[in-house]
Amino acid sequence: MKILAINAGSSSLKFTLIELPEEKVLASGLFEKIGMAGSFYTIKYQGEKHVFEKELKDHSYAVDALMQGLIDLKIINSLDEIDGVGHRIVHGGQKFTESVILNDEVLEEISAYNELAPLHNPANIMGVKAFMKALPRVIQVGVFDTAFHTTMKEREFLYAVPYEWYQDLGVRKYGFHGTSHRFVNKEICEKLGRDDLKVISCHIGNGASITAIDGGKVVDTSMGFTPLAGLMMGTRSGDIDASLIPYVMNKLNLTCEEVVNDLNKKSGLLGISGVSSDSRDVEDAIKEGNERAILAQDMYAQRVANYIAMYNNLLGGADVITLTAGLGENSIMMREAIINKISSLGVKLDPSKNDFRGEFRCITTDDSKIPVWVVPTNEELMIALDTLNLSKK
Ligand code: AMP
């Protein structure tokens, strides 16, 4: 079966065409600047990258161009070969606890959460509608970033604010990166041959979050009402004292939106290092002795370590810690820095096992109290698998 996994943004659309059950990527690509001047797209197939420049007035034009591209490049012979389309949807609120088959009614229900994810959900829905138009007889499935986290209990997901804010406004922790944490949890459970594992899953990339999972159920996660909370990230601050917002507004004569924008886009590794949000640039600066780059990495690693210690306590002792995403999979330096900061938990890095990128491997010593595994994430595959499963129902 051939399944398309789709991630639609407001002016972009990312796709991966996956053959199942072989789990083989047939083609992938990205449409950019949709609805803007200079729109273009790339399709990767059999190791070659094909670049096309074409006016893409909206997502429907991008989907039509994708269908045409798949046929022109002979990736498929006919659109009938596409058996399903899975869509990443950022926010499913409290309602969507698992992936669902999409239709007009369900889309209406999802759009109720647009206010909670104004940059993402409307764009995700636009993508779905474009595919419904192009492939009317093909199953469309929604896979939510928030769904995996809906097992959290009130004690964890509530903020200690007036309870009515939760009841009337939906103010609570939702958590994000759920598809990645769910995939990693599935992988490590399969690898260790157990489904009752207590896992601390660290997704550390440009966006970063940590999730405490017990027997496949999320107990707590670091992101919150929005993806700004929790860990320090590439450009996001992570947890702060909310009172600094009015203080900075007054001092710098900024609006609330401008301060929140700075917390999202000018903070984190970028804000502290002053060098870059990209950890490769920060690591290069560290090698040159840049003090603020050293501080930025130290802060980043310390926050990850602190969350791990907290979640180890919450889980009553974790069985395994997993590292994934850009830094978790690739940054040898960051992995070392984090593990050295959780030695009080009896976690011991084996440096001879840490010298690799992008593989599924254990990096701790045999006598480490908690093993640490690097588990490459694959949200597209998870989306495709959910789509396949729902297509069988
Ligand atoms: P993601 O958001 O998961 O794509 O992760 C992006 C982050 O991973 C960026 O900060 C990258 O610099 C980082 N990253 C990717 N490859 C490496 C690498 N080889 N060494 C260090 N950091 C890396």
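Given the structure is predicted, the values throughout are model-derived calculations rather than measurements. (Residues numbered from 1 in each chain as written. Predicted model: local features only at pLDDT ≥ 70, side-chain atom pairs only at ≥ 80, totals over all residues. Heavy atoms only, no water.)

**Some words on the site of the ligand**
Close to the ligand lie 13 residues; Asn206, Asp278, Ser279, Arg280 and Gly326 are nearest. In this structure, Arg280 approaches the ligand through a side-chain N or O atom, which is 3.4 Å from an oxygen atom. Between the ligand and Gly326 there is a distance of 2.8 Å, counted from an oxygen atom to a backbone nitrogen or oxygen. Secondary structure elements with two or more residues in the shell around the ligand: helix 10 (279–287) and helix 12 (325–330). (Near = heavy atom within 4 Å. Polar contact = N/O pair within 3.5 Å; in protein donor to acceptor, adjacent residues only side chain to side chain. Helix = DSSP H or I, 4+ residues; strand = E, 2+ residues; numbered from the N terminus.)

**A few points about the pattern of salt bridges**
Scanning the model with the defined rule gives 18 salt bridges in all. For Arg182, the salt bridge is made with Asp386, and the minimal N-O distance between the two is 2.6 Å. Here Arg182 is found in helix 6 (residues 178–192), whereas its partner Asp386 is found in helix 14 (residues 379–391), with 204 residues between them in sequence. According to the relative accessible area criterion, Asp386 is buried, its value standing at 9%. Measuring nitrogen to oxygen at the nearest pair gives 2.6 Å for the salt bridge that ties Asp298 to Lys341. Here Lys341 lies in the loop between helix 13 (332–340) and strand 13 (361–362) and Asp298 lies in helix 11 (residues 291–314), a separation of 43 residues in the sequence. (Salt bridge = Lys/Arg side-chain N within 4 Å of Asp/Glu carboxyl O. Buried < 20%, exposed > 50% of the residue type's maximum accessible area, 1.4 Å probe, protein only.)

**Some words on the sheet that holds strand 14 (residues 372–374)**
Note: strands within a sheet are paired through backbone hydrogen bonds, in either parallel or antiparallel orientation. The strand order 11-10-9-12-14-13 describes an open sheet built from six strands, whose pairing is mixed. Every other strand in the sheet has two partners, leaving strand 11 (217–221) and strand 13 as the edge strands with one partner each. Two strands pair when backbone bridges link them, and strand 9 (residues 198–204) and strand 10 (residues 208–214) are joined in this way by seven bridges, in the antiparallel orientation. Following the sheet pairing, Cys202 is matched in strand 10 by Ile210. Contacting strand 9, strand 10, strand 11 and strand 12 (320–324), helix 11 runs over the sheet at an angle of about 15 degrees to strand 10. (Pairing = 2+ DSSP bridges. Contact = heavy atoms within 4.5 Å. Axes fitted to C-alpha atoms, helices over the stretch in contact; angles between N-to-C directions.)

Geometric descriptors of this kind do not, in isolation, establish any biological role.
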